[in-house]
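Survey of secondary and tertiary structure
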Amino acid sequence: MAEGRKLVIVESPAKAKTIGGYLGKDWDVEASVGHIRDIPTPSEMPADIKKGPFGRFGVDVDNGFEAYYVVDNDKKKKVAELKRLLKNADELYLATDEDREGEAIAWHLLEVLKPKVPVKRMVFHEITKEAIQRASTNTRDLDVALVDAQETRRILDRLYGYEVSPVLWRKVKAGLSAGRVQSVATRIVVERERERMAFVRASYWDVEGDFTPDGASNQFTARLSSVDGNRVAMGRDFNDDGTLKGKSVVHLDQATATSIATQVLTCQVAVTSVQEKPYTRRPSAPFTTSTLQQEASRKLRLSSKNAMRVAQRLYENGYITYMRTDSTTLSEAALTAARQQARDLYGAEYVPQSPRLYEKKVKNAQEAHEAIRPAGDRFRTPAQVAGELRGDEFALYELIWKRTVASQMADARGSTATVKLGGTLEDGRVVEFSASGTVITFRGFLAAYEEGRDEERASKAAEAEEERRLPKLSEGVSLTVVRAEPDGHETTPPPRYTEATLVKAMEEKGIGRPSTYASTVGTIQDRGYVNTRGSALIPTWLAFAVTRLLEEHFTELVDYDFTASMEEDLDRIAGGDAQRAEWLKRFYFGEGDGALVGSEPGLPDAGNAHLGLKQLVEDLGDIDARAISTIDIGEGIVVRVGRYGPYVEETVPRGVDLSTGEMTDDADTTPRRATINDDIAPDEMTPARARELLEQSADDGKVLGQDPENGRDIVAKAGRYGPYVTEVLDEETAALKGKNKVKPRTASLFKDMDLATMDLETALKLLSLPRVVGTSTEEDGSVVEITAQNGRYGPYLKKGTDSRSLVTEQQLFDITLEEALAIYAQPKQRGRAATAPLKELGNDPVSGRPMVVKDGRFGPYVTDGETNSTLRKGDEPESITPERGAELLAEKRAKGPTTRKRAAKKAPAKKAAKKTTAKKTTTKKAAAKKA
């Protein structure tokens with residue numbers, strides 16, 4: 001064994017490479033590539049374990065909530081490699097992130113590797129040479145309380161999901177999932193959509209005019225603010241149902257506004273009031289995880305997931321400090337660096353005398369880490385890293401640098417002036433106009449950075465902050481009216497959440513943690529609960545049904561305060577003020593009166609009348625699945641979430657008077673239904689829109705005629721993925737099973753076809769595809785058929801294994817044999833018309849070969865010609881960086897080649913799993929003492 005050899009284990013290969021360069025030749029730095037083991041699903045458990053107390057959840061709920069862990073199949077090779085390196089080491093340094101997840105990864109490594117050498121916990125918040133070398137000499141023991149908190153969260157999420165999700169499967173739709181944080185985040189989005197659906201637009205008018213005291217050079221704009229002493233109603237004066245909030249405002253209609261505008265042009269207008277006051281604006285605090293995601297979304301158009309992925313790379317390569325934090329504090333070194341840089345770049349007057357200190361005012365905030373800032377005791381400017389960073393990485397680093405430096409700069413100062421103008425109209429009404437303007441006399445922190453806004457909605461406050469100069473005016477000065485026009489407005493519903501504003505709402509409510517925001521937003525989209533339109537998050541009808549079931553039958557589990565209280569409880573466990581097993585016992589079983597939450601210190605606490613989760617599920621009673629999945633949109637029309645997707649249904653027969661309920665003689669009592677396409681948002685599904693769909697669906701399911709060859713009905717339908725035609729099998733044919741089973745022929749309509757005008761002849765032509773165009777005699781004398789087919793990527797010709805694309809769908813019917821042979825006479829273009837790589841990333845640092853992003857059969861992937869790695873969700877081919885490409889290839893190499901032989905080796909995997917024992921608290925404490 002080499003003398004003095006040290007092994008350092010981190011999470012990611014990129015971090016390992018960076019840290020390895022800062023430590024000496026006696027150090028081996030290796031990555032675990034995240035967690036090495038987890039609680040398996042029941043299907044992954046060995047048969048003997050599945051029959052025991054761990055069989056249902058992977059957790060023994062009757063014996064201290066002990067968890068059963070197994071090493072992931074794709075991590076067994078990595079574990080073997082770590083064990084091999086450990087044999088040659090005199091010391092083991094666990095250098096995973098200093099948060100609950102990182103602490104848990106370190107503990108799992110201890111449990112699996114079982115080191116016989118001294119173990120040290122190495123922590124750092126930035127990856128610079130100084131920080132790493134300092135961390136290697138200032139180590140600590142494993143924090144058992146942090147591990148307890150992470151394990152509690154993991155078990156809590158397992159119990160929540162495994163108990164509640166099956167209820168959704170039975171009552172809403174198979175395959176759905178529920179989660180402690182994801183279900184509450186979905187509810188937030190659904191509640192906003194409900195507000196939009198209930199919103200009633202109101203129209204209101206005012207008058208805008210241009211005025212000048214002495215000529216065009218001093219012209220300014222003002223708005224009508226009052227009539228006869230009553231304030232003119234603005235958008236904020238209306239309730240969501242379209243009614244006025246108070247009686248002290250005057251609601252102008254178009255005629256009144258037009259009359260006022262006409263008379264203002266000829267009346268005498270003078271200045272009645274001039275008010276001027278100082279204007280001061282303070283800089284925003286340095287970035288936390290939440291505010292970084294919000295600002296990256298506003299300014300860089302990055303999703304939460306992509307923002308965190310880019311930040312992860314910046315951290316691992318030593319450009320910024322740890323990116324999962326809810327602290328706004330800066331270290332003394334960082335304060336000094338930011339103030340010095342601001343002084344050097346902008347001047348001494350731009351830096352206040354004392355450092356700015358920020359206190360976090362968000363629910364459940366933790367101050368364990370610093371804010372996100374540039375790494376090091378001296379910050380590198382964007383210009384200094386421009387040669388090293390590209391694309392999103394450079395943009396995000398620049399954003400973090402600007403925000404950090406600006407946070408230590410002086411206030412922006414100026415003055416705000418408000419001018420009121422008065423006049424009397426011909427009909428005797430007294431009108432008043434007002435105008436505001438702000439003049440920035442000292443830009444202060446604005447010289448470096450200005451925070452973005454979530455909503456670009458015009459308001460008086462926004463206009464007042466806009467830098468706009470007004471002419472020098474004083475009371476009594478007469479003004480000339482240059483222009484006066486009526487201006488109409490409509491109130492707008494509450495804006496939909498974006499990823500940025502949803503993260504902000506979750507943070508304010510205390511739901512989730514910095515490390516979970518991005519994954520939660522991604523999860524609710526992946527699960528089909530939320531779609532996106534531009535940057536807006538739109539809940540699906542499925543989300544409405546799931547949320548309603550949870551609100552009515554699992555009220556506490558989606559209650560905002562209760563969810564936040566669970567985060568507080570996890571904090572208490574992390575601080576050693578509560579016990580993991582006792583907390584989980586009370587949450588799952590309840591105590592005494594069956595309370596899910598109670599008042600004892602360190603236990604879930606949000607009242608005393610709640611059931612334990614187990615009892616809550618057992619006492620559900622009857623749930624009306626149909627009612628849960630029904631959303632009333634008014635006028636006798638509902639939306640239902642069915643097995644095959646959402647649809648509208650008219651529940652009141654046509655011909656019924658909705659006000660009296662009386663039915664006419666010609667009333668149609670047959671309920672009408674129509675499928676809802678995914679492009680219609682819930683708030684857009686009004687009764688009028690629903691009736692349009694119902695009318696269109698009159699052609700849905702209509703029989704076009706019979707196929708003359710077999711006598712089967714040919715039906716035209718409007719499906720969720722577009723209109724199509726199909727044949728109807730008789731009962732005897734449809735009942736056939738196994739090898740004799742007959743599938744009905746089905747064909748999608750072409751893009752230029754309409755369901756309402758579909759006829760039998762065209763339908764039969766569609767169902768006849770693929771069409772035999774003719775035959776071709778090959779060089780060897782064989783005769784091969786050429787067929788025209790419609791596929792996933794459009795129309796094409798096929799001759800044996802040789803396929804050629806067609807330009808239009810109509811060619812499927814029209815193309816002749818001569819035209820097809822002419823196409824095959826042309827040289828074949830490989831890879832779908834020989835498309836070039838989507839992006840070139842330069843040479844891979846490991847293999848030295850050029851990396852490119854290509855579009856493959858299963859989506860885009862990065863390759864260096866030797867190793868291929870599929871892009872993950874959130875990786876965009878056009879914005880992926882060389883560093884990200886190298887990281888994906890490194891992860892793929894670490895996992896080893898994927899072969900079909902792995903499926904045949906199930907028995908050894910199970911055998912290995914048997915050897916993995918349930919984790920016990922005593923084992924953890926022993927490991928901690930050993931460390």
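You'll find the structure just up there.
Residues numbered from 1 in each chain as written. Predicted model: local features only at pLDDT ≥ 70, side-chain atom pairs only at ≥ 80, totals over all residues. Heavy atoms only, no water.

**Looking at the overall build of the chain**
Applicable threshold: By definition, any uninterrupted DSSP run of H or I lasting at least four residues is a helix, any uninterrupted run of E lasting at least two residues is a strand, and each is numbered from the N terminus. Each residue gets one of three labels from its accessible area relative to the maximum for its type: buried under 20%, exposed over 50%, partly exposed in between, using a 1.4 Å probe on protein chains only. The contact criterion used is simple: two residues touch if any of their non-hydrogen atoms lie within 4.5 Å. Computed with a 1.4 Å probe, the accessible areas rest on the Shrake-Rupley method; for each residue, only the protein chains presented here act as cover.
Scanning the chain from N- to C-terminus turns up 31 helices and 36 strands. When each of the 931 residues of the chain is scored for burial, the buried share is 49%. Here the contacts in the chain between residues at least 6 apart in sequence split such that 67% fall between residues at least 24 apart. Accessible area for the chain stands at about 45,400 Å²; split by element, carbon and sulfur atoms hold 48% of it.

**Concerning the sheet that holds strand E33 (residues 839–843)**
Using the following cut-off: Strands were regarded as paired on the criterion that DSSP finds at least two bridges between them. All axes here are fitted lines through C-alpha atoms, helices being fitted over the stretch that makes contact, and every angle between N-to-C directions spans 0 to 180 degrees.
Strand order in the open sheet made by the four strands is E33-E34-E35-E36, with antiparallel pairing throughout. The open sheet is flanked by E33 and strand E36 (868–870), the only strands paired with a single partner. Neighbouring strand axes in the sheet, compared pairwise and without regard to direction, differ in orientation by 25 degrees on average. Both strand E34 (residues 850–856) and strand E35 (residues 859–863) contribute to a ladder of five bridges, which runs antiparallel. By the bridge assignment for E35, Gly-856 is matched with Gly-859. Sheet contacts for helix H28 (residues 882–895): E33, E34, E35 and E36; angle to E36, the most-contacted strand, approximately 105 degrees.

**Description of the packing of helix H18 (residues 560–574) against helix H19 (residues 580–589)**
Relative placement of two packed helices is described by the angle separating their axes and the distance separating the axes. To keep things clear, this is the line we draw: Here is the rule for angles: anything less than 35 degrees is roughly parallel, anything more than 145 is roughly antiparallel, 65 through 115 is roughly perpendicular, and the remaining ranges are oblique. In this scheme the handedness of a crossing depends on how the near helix is turned from the far one: anticlockwise by less than a right angle means left-handed, clockwise means right-handed. Put simply, Ala, Val, Leu, Ile, Met, Phe, Trp, Tyr, Cys and Pro go in the nonpolar bin, Asp, Glu, Lys and Arg in the charged bin, and everything else, Gly too, in the polar bin.
At a closest axis distance of 10 Å, the pairing of H18 and H19 adopts a crossing angle of 160 degrees. Judged by the angle between their axes, H18 and H19 are roughly antiparallel. Once H18 is placed against H19, the crossing between them reads as right-handed. In this structure, H18 contributes Phe-562, Met-566, Asp-569 and Ile-573 to the contact, and H19 contributes Arg-580, Trp-583 and Phe-587. Broken down by class, the residue content of the contact of H18 with H19 amounts to five nonpolar, no polar and two charged.

**Here we look at the nonpolar core**
Formally: What we call a nonpolar core is a set of buried Ala, Val, Leu, Ile, Met, Phe, Trp, Tyr and Cys residues that are connected through their side-chain atoms within 4.5 Å.
In this structure, Leu-502, Trp-541, Leu-549, Phe-554, Leu-557, Val-648 and Met-685 are the most contacted members of the largest nonpolar core, which totals 100 residues. If you tally residues by element for this core, the top one is helix H6 (residues 144–171), at 10 residues. In this structure, Ala-16, Ile-132, Leu-292 and Tyr-449 belong to the second largest nonpolar core, which totals 59 residues.

**Focus: the sheet that holds strand E8 (residues 119–121)**
In space, the four strands of this open sheet follow the order E2-E1-E7-E8, with parallel pairing throughout. Strands at the two margins of the open sheet, each flanked by one partner only, are strand E2 (27–31) and E8. Each adjacent strand pair in this sheet contributes to an overall mean axis angle of 20 degrees, direction not counted. Across the sheet, helix H1 (residues 13–20) lies against strand E1 (6–10) and E2, angled at about 165 degrees from E2, the strand it touches most.

**Some points on the side chain of Glu-126**
Note the following rule: N or O atoms within 3.5 Å of each other form a polar contact, as long as, within protein, one can give a hydrogen and the other can take it, and as long as residues adjacent in sequence are counted only when both atoms are side-chain atoms.
Within the secondary structure, Glu-126 is located in the loop between E8 and helix H5 (129–137). Side-chain polar atoms of Glu-126 contact the backbone nitrogen of Gly-376, separated by 2.7 Å. Excluding anything up to four places from it in sequence, Glu-126 contacts Ala-131, Ile-132, Tyr-315, Ile-320, Thr-321, Arg-373, Ala-375 and Gly-376.

**Notes on the side chain of Asp-206**
Within the secondary structure, Asp-206 is located in strand E9 (residues 203–212). Here His-489 takes part through its side chain, which lies 3.1 Å from a polar atom of the side chain of Asp-206. Sequence-distant contacts of Asp-206, defined by excluding residues within four places in its chain, comprise Arg-223, Leu-224, Val-232, Leu-252, Ala-257, Glu-485, Pro-486, Asp-487 and His-489.

**A look at the packing of aromatic side chains**
Basically, it comes down to this: Two aromatic rings, drawn from Phe, Tyr or Trp (for Trp, its six-membered ring), form a pair once their centres lie within 6.5 Å of each other, and the interplanar angle then sorts them: stacked below 30 degrees, edge-to-face above 60, tilted otherwise. A ring is considered to have a charge above it if a Lys NZ or an Arg CZ atom is located within 6 Å of its centre and within 35 degrees of its normal.
A full pass over the atoms with the stated rule returns 18 aromatic pairs. Measuring from ring centre to ring centre gives 6.4 Å for Phe-57 and Tyr-162, while their planes differ by 55 degrees; the resulting arrangement is tilted. Of this pair, Phe-57 sits in the loop between helix H2 (47–50) and strand E4 (59–60) while Tyr-162 sits in helix H6, and the two are 105 residues apart along the sequence. By relative accessible area, which is 27% here, Tyr-162 ends up partly exposed. Among the aromatic residues, ring-to-ring pairing joins Phe-57, Phe-65, Tyr-162, Tyr-588 and Phe-589 into one connected group. Across from the ring centre of Tyr-560, 4.6 Å away, lies the NZ or CZ of Arg-187, which sits over that ring. Of note, Lys-799 hangs over the ring of Tyr-824, and the distance from its end group to the ring centre comes to 4.6 Å.

**Some thoughts on the packing of helix H10 (residues 304–316) against H28**
In contact at an axis separation of 11 Å, H10 and H28 are set at 85 degrees when each is read in the N-to-C sense. In this view, H10 runs roughly perpendicular relative to H28, as classed from their interaxial angle. Here Arg-309, Arg-313 and Glu-316 of H10 come into contact with H28, specifically with Glu-883, Arg-884 and Glu-887. Residues that form the contact of H10 with H28 fall into these classes: no nonpolar, no polar and six charged.

**Brief notes about unusual backbone geometry**
With an omega of 0 degrees, the peptide bond running from Leu-769 to Pro-770 counts as cis. The topology assignment puts Pro-770 in the loop between helix H24 (760–767) and strand E29 (771–777). Unusually for a residue other than glycine, Lys-114 sits at a positive phi of about 45 degrees. Here Lys-114 shows up in the loop between helix H4 (100–113) and E8. Residue classification places Lys-114 among the exposed residues on the basis of a relative accessible area of 57%. The backbone of Arg-301 shows a phi angle near 60 degrees, a positive value even though the residue is not glycine. Note that Arg-301 resides in the loop between helix H9 (289–300) and H10.

Scope: geometric values only; no functional claims are made or implied.
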